[in-house]
Amino acid sequence: MSKAVPEVIDTTQERLDERMPLVLGNNTYGSITDIVSHVAERREVPIAWYVAFGISASVMAMFFALIGYLIMTGTGVWGNQNPVFWGWPIVNFVFWVGIGHAGTLISAILFLFRQNWRTSINRFAEAMTIFAVVCAATFPGIHVGRMWGAYWLFPYPNTMDLWPNFRSPLLWDVFAVGTYALTSLMFWYMGLIPDLATFRDRAKGKIRQIAYGIFSLGWTGSARQWHRYEVAYMLMAALAAPLVLSVHTIVSFDFAVSQLPGWHTTIFPPYFVAGAIFSGFAMVVTLMVPARQWFGLKDIVTMRHLENMNKIILVTGSMVGYAYAMEFFIAWYGGNGYESFAFVNRMFGPYWWAYWIMVSCNVISPQLFWFKRMRTSIPLMFIVCIFVNVGMWFERFVITVTSLSRDFLPASWGYFAPTWTDLGMLIGSFGLFFTLFLLFCRFLPVVAMAEVKSVMPRKHSH
Amino acid sequence: MSNKVELPDDDLKMSGAARNIFLIAGATGVLALVCSLALTLAGDAEARSLFQFSYLQNLMFCLSISIGALFFVIMQHLSRAGWSVAVRRIAEILMAALLPMSILILPILVLVLSGDSTLYKWNKPFEELDALLQGKVGYLNANFFVIRVAIYFIVWAIVARFFFKKSLEQDQTGNKELTLKMQAISAPSTLLFALTVTFAAVDLIMTLDAHWFSTMFGVYFFAGCMTSFFSTMILLTGYLQANGKLVKSITIEHYHDYGKYLFGFVFFWSYIAFSQYMLIWYASIPEETGWFDIRQNNGWEYISLMLIFFHFMVPFLWLITKKTRRRKPLLTAAAILLLIMHWIDLYWLIIPEYSHGASPHFGVIDLCNMLGILGIYIASLAKIASNCYLIPIQDPRLGESLAFENH
């Protein structure tokens, strides 16, 4: 007789003689399907979803209206002004690209490192990645000035004899972010196929049946299909792993190839990558904490999953702290007066408040996660992760604005102030993000069911 | 249920072989160092200068392998890894060599304290320094330098000793709590590791040219430590198995994981090296490009190109497929190549500061120093290995590691 698994076990406690189960409760393959499918299948959609969707969609509409206003009026509606020509649009761009890093890290790098716990959260994080990249791509798209010509960024033979300048890191961004978006989308979609087939098979209505039927590409779950699927998954993971590094590396090049003090420093590439993963995980935790509650996913996304993510936040947050420290040390050690001025100016100059928000949110607040009690406390991790999100936005603000506003010529110094359009667009981009996200939660499997089953004990399978 | 893992019938101790290696490598090492010292004392100032630089380079080579091992051991505990238990003792032996090797740093510290500025040009009287270096004396002065370097070595020694001692203690007592203890200490150890290795790289190598600076330098050195460490692991495991040790406990699956890590760190090293070079080249600020300038002229360009081809492209393509990572001879070839390239990488980092624009020239003193320090390093490893099991026989996760398969 097999013993029943006790209902409540604390999997955050380490046991040495056996590995802890990743899924809790007396769940079977069938019950996992039921729990996850229920989120998208239920007839009576909770009123809260409609409220949330209504708010997000309105905010998104405001975003699009502001973009329309920008196109009609010109970039003067932003606070971008001599000498700070890169204002909030670029800050928002870097912020959102950073958010979009957790998904691919979880699905590619943690896969290669055989971190099975990732199966409960990868779908969620990958979806978030794609929506964040959509938000990110919007900002440089509308920042180019005459955005109706933005497609000139792509090198294609044309009668105008126009060819992009490949020496510009901004062009590298087009390729880096484009490749990343495409790969993440393919990876995400490929992972969805078996689960979409499950939805198709369970669908009650005709429309659902046809829609899920089309997107599940005739998946039957035969051994041959699974074999192909797993080979493809491995290859996609291997391809996506360097992309986790490349995107934010190229974004960091936007700044670091210049000669501007505070921008030109060699640690930027890995520092930006660590920061991106840091902010990405913070966003996953921020969204996962309420989601697992509302969707009844607590057995699948357990405290151990949250704790692991918090540990990654602690590690990457400390890496970011390391990079800040190295920058400061070398700014002094290098003996370059402009460089050391830039850093003192960050701390005590006109934007001192932004700098100290950044340091307290990014470096100090995650240090709480050294303590187990802190990183397993739901309210605390939620607060810390919000702090991290705020801090990482301010990091990009500090880098972009403080350096530009104090360049080599004191006569051209200036103080950047955002306009209401800037603020509206930042808020609006969250509307876009959450609208996409709520649609995802409503119509697609929020957890990779097939993958979760592959890491469950086989005890219940027969 | 018994928690005792059934070890395969396997040879788990070095026994007599270690003694022979200790004697032969030790004798070769000491003899070579004596030769090198004699040549130096007989030679001119040039020779005395070369001796110091090549001594530092070879010492850093051996240290970097052990530093990589220290990181590996810390990470295995931090991530509660199962696959690596069977190979962890080999890494622990490499890590434990930090203690004896730290003695070899003492001559450099004594020279710096005595005011010698052959290696470190900033170690001159204040009035002889240029304005830039005068601005750095708060950091770059003999006393503070020696204190800092001593701290790095003491921290490494303490951390390495802790993990080694606890692991050996578990061999004896089988106390599982020790695993939890090591896991608890592994987290703060990462912080200590990051800070000490960064600043050791900055102090011992980067300040050879005290005008040049790069925030990436510590990461670059770390990347080299890891490629050389995994190469050494492949070679050491292969050597032990060729001599009938651990033949059944370590399987091709473990080699496959070595191969993945080696591939990963080849990529990481290339990424860091490229980023550092590209950013400096692109911005083209003279105070930064000068450092690369002397490494791109007078024959040094060939060494730079060698790094691109043989520390990056060839091993990258070589290790990209499972077919090479799962075949011991092919994996060993990559390990040998990368270990040589790591040595050349350190040569490229350190020796141009000696030759100052002159062409690279590998002479007898270089050779003797290499044999000398490498000999002492190998002797230390043999000495450490002679007293312990080659596998953590009582680790609670040993069973998982023995049964480990990639899939």
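Values in this document were obtained by computation on a predicted structure and should not be read as measured data. (Residues numbered from 1 in each chain as written. Chains lettered and ligands numbered in written order. Predicted model: local features only at pLDDT ≥ 70, side-chain atom pairs only at ≥ 80, totals over all residues. Heavy atoms only, no water.)

**Topic: the confidence of the model for chain B**
On average, residues of chain B score 92 in pLDDT, and 98% of them reach the 70 mark or higher. What the predictor reports for the complex is a pTM of 0.93 with an ipTM of 0.92. (pLDDT = per-residue confidence, 0-100.)

**Observations regarding the nonpolar core**
Counting 283 residues, the largest nonpolar core has Trp96(A), Phe397(A) and Tyr120(B) as the members making the most contacts within it. Residue contributions to this core peak at 19 residues, all from helix H2 (residues 45–78) of chain B. If we ignore the near neighbours within four places in the chain, the residues touching Trp96(A) are Ala132(A), Cys135(A), Ala136(A), Phe139(A), Met283(A), Ser429(A), Phe430(A) and Phe433(A). (Core = buried A, V, L, I, M, F, W, Y, C linked by side-chain atoms within 4.5 Å. Buried < 20%, exposed > 50% of the residue type's maximum accessible area, 1.4 Å probe, protein only. Helix = DSSP H or I, 4+ residues; strand = E, 2+ residues; numbered from the N terminus. Contact = heavy atoms within 4.5 Å.)

**A word on unusual backbone geometry**
Residue and element names in this part refer to chain A. For the peptide bond that leads from Asn82 to Pro83, omega is 5°, which places it in the cis range. Mapped onto the secondary structure, Pro83 falls in the loop between helix H2 (47–73) and helix H3 (88–99). Of note, the phi angle at Arg114 is positive, near 55°, even though the residue is not glycine. Topologically, Arg114 is positioned in the loop between helix H4 (102–112) and helix H5 (122–143). Residue Asp161 is not a glycine yet carries a positive backbone phi of 60°.

**Here's the deal with the state of the cysteines**
The final tally for this structure, using the stated rule, is 0 disulfides over all chains. Of all cysteine sulfurs, the one in Cys135(A) lies closest to Cys441(A), which takes part in no disulfide; the gap is 15 Å. The closest cysteine sulfur to the non-disulfide-bonded Cys62(B) is located on Cys225(B), 12 Å from its own sulfur. (Disulfide = S-S within 2.5 Å.)

**Details of empty space enclosed by the protein**
All names here are of chain B. The tally for this structure, following the rule as stated, stands at 4 cavities of 30 Å³ or more. Approximately 80 Å³ is the volume attributed to the largest cavity. Lining the largest cavity are Gln76, His77, Arg80, Ala81, Ser84, Val85, Arg88, Thr179, Gln183, Asp395 and Arg397. A breakdown of the residues in the lining of the largest cavity according to their chemical character gives 2 nonpolar, 5 polar and 4 charged. (1 Å grid on protein atoms, 1.4 Å probe; cavity = no way out; pocket = protein on both sides within 12 Å on 5 of 7 lines; lining within 4 Å. Points joined across faces, edges and corners; volume = space filled by probe spheres on them. Nonpolar A, V, L, I, M, F, W, Y, C, P; charged D, E, K, R; others polar.)

**Details of the environment of Leu246(B)**
All names here are of chain B. The residue Leu246 is located in the loop between helix H9 (217–242) and helix H10 (252–283) in this model. Judged by its relative accessible area of 0%, Leu246 falls in the buried class. It is 24 Å that separates the C-alpha atoms of Leu246 and Phe263, two residues lying 17 residues apart in sequence. Look past the residues within four positions of Leu246 in its chain and what remains in contact with it is Asp10, Asp11, Leu12, Ile90, Leu240, Gln241, Leu390 and Ile391.

**Structural notes on H2(B)**
Because an α-helix packs 3.6 residues into every turn, residues spaced three or four apart end up facing the same way. All names here are of chain B. In a regular helix each residue adds 1.5 Å, so 34 residues correspond to 50 Å; H2 covers 49 Å between its end C-alpha atoms and thus fits that length. Across the 34 residues of H2, 29 count as buried, placing the element largely inside the fold. Two residues or fewer after H2 comes Arg80, characterised by a positive phi angle close to 50°. (Expected span 1.5 Å × (residues − 1).)

**Observations concerning the interface of chain B and chain A**
Facing 54 residues of chain B, the contacting portion of chain A comprises 39 residues. Interface of chain B and chain A: buried area, both sides summed, is about 3800 Å²; carbon and sulfur atoms make up 65% of it. Summed over the shared surface of chain B and chain A, the number is 1 salt bridge. Residue Asp257(B) is joined to Arg114(A) by a salt bridge in which the shortest nitrogen-to-oxygen separation is 2.5 Å. Connecting chain B to chain A are 14 residue pairs in polar contact (both at pLDDT 80 or more). (Buried area = accessible area lost by both parts, 1.4 Å probe. Salt bridge = Lys/Arg side-chain N within 4 Å of Asp/Glu carboxyl O. Polar contact = N/O pair within 3.5 Å; in protein donor to acceptor, adjacent residues only side chain to side chain.)

**Here's the deal with the pattern of salt bridges**
Residue and element names in this part refer to chain B. Overall, the coordinates contain 19 salt bridges over all chains when judged by the stated rule. Its salt-bridge partner being Asp395, residue Arg88 comes within 3.0 Å of it at the nearest N-O pair. Within this pair, whereas Arg88 is found in helix H3 (residues 85–96), its partner Asp395 is found in the loop between helix H16 (364–386) and helix H17 (398–402), the two being separated by 307 residues in sequence. The same class applies to Arg88 and to Asp395, which are both buried.

**Considering a nonpolar patch on the surface**
Side chains of Tyr302(B), Leu305(B), Ile308(B), Phe309(B), Phe310(B), Met313(B), Val314(B) and Trp318(B) sit close together on the surface and give an oily, nonpolar patch of about 720 Å² of accessible area. Along the polypeptide, Leu305(B) turns up in helix H12 (residues 300–319). (Patch = residues over 30% accessible without salt bridge, like charges linked within 9 Å, V, L, I, M, F, W, Y side chains within 5 Å. Areas by Shrake-Rupley, 256 points an atom, 1.4 Å probe, with all protein chains shown as cover.)

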